[in-house]
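# Analysis of the macromolecular model
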Amino acid sequence: MLSQDELKTLVGQAALQYVLPGEIIGVGTGSTVNKFIDALASMKDGIAGAVSSSVASTERLLALGIPVFDANDVGEIAVYIDGADEIDARGCMIKGGGAALTREKIVAAQSRRFICIADESKLVQTLGRYPLPVEVIPMATQRLVRQFALLGGQAKVRVEDGQPLVTDNGQHLLDVTGLQIHDPLAFESEVNQWPGIVTVGVFAHQRAQVCLLGTRSGVQKLAF
Ligand code: 5RP
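Report follows, based on the coordinates. Bear in mind the structure is a predicted one, so any value in this text is a computation, not a measurement.

Parameters and conventions
Residues numbered from 1 in each chain as written. Predicted model: local features only at pLDDT ≥ 70, side-chain atom pairs only at ≥ 80, totals over all residues. Heavy atoms only, no water. Near = heavy atom within 4 Å. Polar contact = N/O pair within 3.5 Å; in protein donor to acceptor, adjacent residues only side chain to side chain. Areas by Shrake-Rupley, 256 points an atom, 1.4 Å probe, with all protein chains shown as cover. Axes fitted to C-alpha atoms, helices over the stretch in contact; angles between N-to-C directions. Helix = DSSP H or I, 4+ residues; strand = E, 2+ residues; numbered from the N terminus. Parallel < 35°, antiparallel > 145°, perpendicular 65-115°, else oblique. Left-handed = near helix turned anticlockwise from the far one by under 90°. Contact = heavy atoms within 4.5 Å. Nonpolar A, V, L, I, M, F, W, Y, C, P; charged D, E, K, R; others polar. Salt bridge = Lys/Arg side-chain N within 4 Å of Asp/Glu carboxyl O. Buried < 20%, exposed > 50% of the residue type's maximum accessible area, 1.4 Å probe, protein only.

### Some details on the site of the ligand
- The environment of the ligand is formed by 17 residues, the closest being S31, T32, D85, G96 and K122.
- Between the ligand and S31, the relevant distance is 2.5 Å, taken from an oxygen atom to a side-chain nitrogen or oxygen of the residue.
- Between E104 and the ligand, the recorded distance is 3.1 Å, taken from a side-chain N or O atom to an oxygen atom.
- Within the complex, 91% of the 380 Å² of free accessible area of the ligand lies under protein.

### Quick notes on the packing of helix α2 (residues 31-40) against helix α3 (residues 55-63)
- Two elements in contact, α2 and α3, have axes whose closest approach is 10 Å; the angle formed by their N-to-C orientations is 20°. Overall, the two elements α2 and α3 adopt an arrangement that is roughly parallel. α2 and α3 meet at a crossing whose hand is right-handed. For the pair α2 and α3, contact is made by V33, N34, I37, D38 and L40 and by S57, R60 and L61, respectively.
- Tallied by class, residues from the contact of α2 with α3 come to four nonpolar, two polar and two charged.

### Digging into the pattern of salt bridges
- Taken as a whole and assessed by the stated rule, the structure comprises nine salt bridges.
- Of the charged contacts in the structure, one is a salt bridge between D88 and R90, with a shortest N-O distance of 3.5 Å.
- Across the salt bridge formed by K95 and E104, the nearest N and O atoms sit 3.1 Å from each other.
- Judged by its relative accessible area of 3%, K95 is buried.

Purely geometric numbers; function is a separate question.
Encoded structure:
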């Protein structure tokens, strides 16, 4: 019986098949992506480098000798590899458990294909069981808490070492529980318009085209 960590290793390695020789690869953030980055080191001489979605992933890539480019210095990226906190049967996701959702959405938007790598615990029927991460401008926090309450959600500021967590972009995060997101596209469009929202962790406009799901019987490929 494979552990969750072993399932992450399995899908991290399986994602190598989507890395195109000579190209720049988009790289997400999180424990599953860390497995992918470690596997990517084995073919680092065959790629041009990476565009990274967080300081943490950048540091890991550089430590393994993989060059990291600024998103502004490259054009369209062929493939973006990232994990998810939840993924549904259409490839829509909740992301941001690792606090990197804004840069993840930017790199995903710059990429032609989003390949999601996840263990089977992440597959859901309806998004919302996992607390929805939302990056916010701090002065709008309490107003946004009230906005989410009107949708039936309870929003809490994410805290680290007793202080509000500060993202790579210098902003704060809300984690919203109690939501059932039946129409991810409409939900993302609506929340995106609220003043003070930097990024909502629903990835419906930037959904995955493929998910490599780590299951007890091996890697299952879901195409959307
Ligand atoms: C980080 C993310 C991650 O992709 C998501 O939290 C999944 O992480 P993990 O692979 O550690 O379960 O969105 O912001």
